[in-house]
Amino acid sequence: MGKRPLLAALVIVAAGLLLQHYRQSLQSVPAYDSVEKSLECQVEDISGQGEALSVTARDVTEHKKFFCSRIKLYSGEGRTLFSNLKVGNIILIQGKLYSFSEPGNPGQFNEAQYYREQGIDYRFLVQSLTITDQNYNKRKQWLHQWKNRFLHKLEQCLPEGDAGIMAAMLLGEKSGLTEEIKELYQKNGIAHILAISGLHITMLGTGIFFFLRKFILPMKGAAVLSGILLILYGEFTGFSIATQRAVWMMLCLLLAKAAGRRYDAMNALALSGCIQLFFQPGSLFQSGFWLSYGTVFGILLFTEPFRDMKKRGGRLWEAVSGSLAIQLVTLPILLYSYYEFPLYSIFINLVILPFVCFLIGLSAAGIGISFFSLSLGRFLFGTVHFILKYYQLICYKAEKLPFHQIVTGSPFFWQILLYYVFLLIWRRFQKKEKKRNYSWLLIAAVLLLLFPFRGNRELSITNLDVGQGDCTCIRFKQTVILVDGGSSDVERIGKYRIHKFLKYNGINTVDMVFLSHSDSDHTNGILEMIEESGRSGPEIKTIVLPDIKKQDENYRMLERKCRQSGIQIKKMERGDRISIGQLSLRCLHPNRSYEWQSENDYSLVLSVEYGKFRGLLTGDLEEAGEETIKDLLSKVDYLKVGHHGSKSSSSEYFLQKLQPKIAVISAGKKNRYGHPAKEVLDRLKKAGSQIYSTIENGAVTVHSDGKKTTVSTYK
């Protein structure tokens, strides 16, 4: 720290921002949900393509009074409201204002925090737009227009998927990336090549500087002009966190050359961090900041100790040393952000990174040449296409290897802290005594980080927030059970909520999935997961269905898809029981011969018994079905309220028999059915229940050791 005061400054700045962030988190901001507004603002940035086009606006006012700092504007499908906009225009907009969504479950993406850290307060669905001031920022608009021209050339010269990848790599435009490619690259640990980062800036900066210095300008002039062009390129690509870090570090290198001084990469990294946090303090709380700076920090601090461990390793070991250094420093960040890591990413990067320079160089040349000869540009892009196909082939092959993706769950803060302490101790010992091998310290650090401290020794039942739907996760010791999993108002519920929750808790295998009945708001998320079982999703071992003689078409379709997946299927009817140690799951409904009138009424009803704890899960059981099991009912500690709190379920007699201490309702915010019904809430209160709802509380978890029962909520 004494030799590098900028590192100390960076630590002080970061600590100050953390304190400020904590204070701000205690302050509430007004929430809006589809509120009609008329606002005036200035266009700050235009990004995306086609239907993904969006506008960021600043200095937002309502009736000439300050409303908020920045908002994100969307025009909706098939609308062209933004086609004539220019960066810097003052616009009057009318439409609906929304707050960004807060997560309802552990592991769920925090949209509100993501945009808050960028200084964006709300999103706005524009219904009408008027440009009130035609003045615009000529520099930014010129860069925006050239970016669109380059995008057009990429689309002309490459297939759609390849054009999206190269647009991300060269121009920082990710709206053209397919979901499949983003997921493929992320799961194989090469998503970093899609960002404008150190490699791009180093290639561009050194190339420009060398050309100017060799043929046009003296040292100082070449350094200054190269720096200006780098800043313009950074602005041109959207100045992401990684780009800003790389540009500021490259500027330090150019200034050092111009001044004839020694370049210190660690000081440059620290200065870059200080500048970035000064202008964008919210970036401190984005994983991209930590991954970008952690990558360079790992290279600078840990590559040499690794290299020293094998003196005669040659260039291959040097490459492996750098990759190991990066992986070690960024591992806790990856686990904290994504709850898993790709085991073979070090080796995948070794065979992929050497081609990145060719990709960037050929693509840049191809775009330039295509302005004069489209056919020659396409010829150059032919090599780009084959390199990208090679990338995909490597990734697909790696996915078939055993233990490709290691799901660990989100580590605790104390695990991360101890991990880095072990890492620094290893570095100190390894550099001080090079003849001895202290790799056992690294192994201890990694094991400490990966150890599953989130394991459940006792019983926990979590009702996930899946909107208007149902999903319950039962965990007991090492056993994981899902009861239902679907939603009628949240898209890709399996991937973005259920699977995220499982990964957050370090779960990659689901022992049993009980599907109470065939309605999509109970099954569509599970069907998603069945398709991905054992590949990109958790492995599902057994599906349990209600055993009924009279079957509806949805039930037959559900059973057919389960059988096609190769997953074992079991069926349960009244009286059947599944025991896992001291935990017992007993089926109360339906009988196989039950003549149901509504699909809801053949819902599988499960009694959960553990020690003195009694719980009941009722699916969408309605009053007709409740009547058939009234003689089997007794008092319970926990009730998953039937049919999302519909007034056609949870009759007064039914609840008086159960007298649930804890009642949990799973329903969606502002759902069109009016769930939960006021009548049901009144009945639950009359029965003496503590009422929880996923609408208000997010995920609700009931814990029991077989004697005492407690409740925790996510929100």
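The rules behind these values
Residues numbered from 1 in each chain as written. Predicted model: local features only at pLDDT ≥ 70, side-chain atom pairs only at ≥ 80, totals over all residues. Heavy atoms only, no water. Helix = DSSP H or I, 4+ residues; strand = E, 2+ residues; numbered from the N terminus. Rg over C-alpha atoms; globule rule 2.2 N^0.38 Å. Buried < 20%, exposed > 50% of the residue type's maximum accessible area, 1.4 Å probe, protein only. Contact = heavy atoms within 4.5 Å. Areas by Shrake-Rupley, 256 points an atom, 1.4 Å probe, with all protein chains shown as cover. Lys, Arg positive; Asp, Glu negative; His and termini not counted. Charge placed at Lys NZ, Arg CZ, Asp CG, Glu CD. Expected span 1.5 Å × (residues − 1). Pairing = 2+ DSSP bridges. Axes fitted to C-alpha atoms, helices over the stretch in contact; angles between N-to-C directions.

Visitor: Please explain the overall build of the chain as it appears in this structure.
Guide: Across its full length, the chain carries 23 helices and 22 strands. The C-alpha radius of gyration computed for the chain amounts to 29 Å, which stays within 12% of the reference 27 Å derived for 715 residues, consistent with globular compactness. Here the C-alpha coordinates of the chain stretch approximately 95 × 70 × 55 Å along the principal axes. Per-residue burial over the chain gives 50% buried out of 715 residues. At a minimum sequence separation of 6, the contacts of the chain that also span at least 24 residues come to 68%. Total accessible area on the chain stands at roughly 34700 Å², and carbon and sulfur atoms take up 56% of it. Positive and negative charge centroids in the chain, built from 87 and 64 side chains respectively, lie 11 Å apart.

Visitor: Is there a simple way to think about helix 13 (residues 356-370) in this case?
Guide: It helps to recall that an α-helix has 3.6 residues per turn; residues three or four apart then point in one direction. The first and last C-alpha atoms of helix 13 sit 21 Å apart over 15 residues, in line with the 21 Å expected at 1.5 Å per residue. Lining the buried residues of helix 13 we find helix 3 (138-157), helix 4 (160-171), helix 6 (198-215), helix 12 (345-352) and helix 14 (374-399).

Visitor: Would you mind going over the pairing of strand 10 (residues 479-487) with me for this structure?
Guide: Two faces belong to every sheet, and in a regular strand the side chains alternate between them. Where burial is concerned, most of strand 10 is hidden: nine out of the nine residues are buried. Where strand 9 (residues 469-477) meets strand 10, seven bridges bridge the pair, whose relative direction is antiparallel. Pairing of Asp470 across the sheet is with Gly486, part of strand 10. The loop that links strand 9 with its antiparallel partner strand 10 comprises one residue. In terms of strand pairing, strand 10 meets strand 11 (residues 509-514) through three bridges, oriented parallel.

Visitor: What exactly am I supposed to notice about unusual backbone geometry here?
Guide: Note: most residues except glycine have negative phi, and most peptide bonds are trans. Look at the link from His589 to Pro590: it is a cis peptide, with omega at 5 degrees. Locating Pro590 in the fold gives a position in the loop between strand 15 (583-589) and strand 16 (605-610). His675 connects to Pro676 through a cis peptide bond whose omega is -5 degrees. Its identity as a non-glycine residue notwithstanding, His63 has a phi of 55 degrees, on the positive side. For His63, the location among the structural elements is in the loop between strand 2 (54-62) and strand 3 (65-74). Within the chain, Phe403 stands out as a residue other than glycine whose phi angle is a positive 60 degrees. For Phe403, a relative accessible area of 64% translates into the label exposed.

Visitor: How should I be thinking about the sheet that holds strand 14 (residues 577-580) in this particular structure?
Guide: Strands pair in a sheet through their backbones, by hydrogen bonds, and they do so in one of two ways: parallel or antiparallel. Spatially, 14-15-16-17-18-19-20 is the arrangement adopted by the seven strands of the open sheet, whose pairing is mixed. Of all the strands in the sheet, the pair left with one neighbour each is strand 14 and strand 20 (690-693). Within the sheet, the average angular offset between the axes of one strand and its neighbour, ignoring direction, is 15 degrees.

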